[in-house]
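# What the coordinates show
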Amino acid sequence: MKIKLFCNAGMSTSLLVERMKEAAAKRGLEVSIVAYPESTLEAEVKDCDVALLGPQVRYVLGKAQAVCGELGIPVDVIPMQFYGMVNGEAVLDHALELVKNHQ
């Protein structure tokens, strides 16, 4: 499974990405989790299973829904409480739930 996170510059989510990878490894899940700047969403989202937006770029949700909708990719904003606490476990659960509900 490929999970892509989009934020301001692709850097602010790096710790969250690491925590998500740790959570996935504990569960024995094979996932690829990478962060990108939101400005690259159209180019980078094409080959993922789910896209997540950092709360600071929630203003691009409409655009992201249009782009991802055409590709059949679920997209949502990471809940602020999970993002702020760098809760990789909860964000991973959120991503998995989006994929499950999208099928």
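Presented here is a report on the structure given in the accompanying data block. All figures in this text were calculated on a predicted structure; none of them were measured in a lab. The numbers attached to residues start from 1 for each chain and follow its sequence in the written order. For this predicted model, a pLDDT threshold of at least 70 governs which residues receive local features, and a threshold of 80 or more governs which side-chain atom pairs are given and counted, while totals over whole chains, interfaces and linings are taken from all residues. Hydrogens and waters are ignored; side-chain quantities use all the structure's heavy atoms.

## Focus on the pattern of salt bridges
- For salt bridges, the criterion is a side-chain nitrogen of Lys or Arg within 4 Å of an Asp or Glu carboxyl oxygen. Inspection of the entire model under this criterion finds seven salt bridges.
- The salt bridge partner of K4 is D47, with a shortest N-O separation of 2.5 Å. You can see K4 sitting in strand β1 (residues 2-7) and its partner D47 sitting in the loop between α2 (41-44) and β3 (50-53), a full 43 residues away along the chain.
- One continuous salt-bridge network, built from bridges that share partners, spans K2, K4, E44 and D47. In this text, helices come from DSSP runs of H or I with a minimum length of four residues, and strands from runs of E with a minimum of two, each type numbered from the N-terminal end.

## Some points on the pairing of β3
- Side chains V50 and L52 project from β3 onto one buried face, and the interleaved A51 and L53 project onto a second face that is buried too.
- Pairing of β1 with β3, which is carried by four bridges, proceeds in the parallel orientation. Pairing of I3 across the sheet is with V50, part of β3.
- When DSSP locates at least two bridges between a pair of strands, those strands are taken to pair. Where β3 and strand β4 (residues 75-77) come together, three bridges link them in parallel fashion. Using a 1.4 Å probe on the protein chains alone, a residue whose accessible area is under 20% of its type maximum counts as buried, one over 50% counts as exposed, and one in between counts as partly exposed.

Read these as spatial facts, not as claims about activity.
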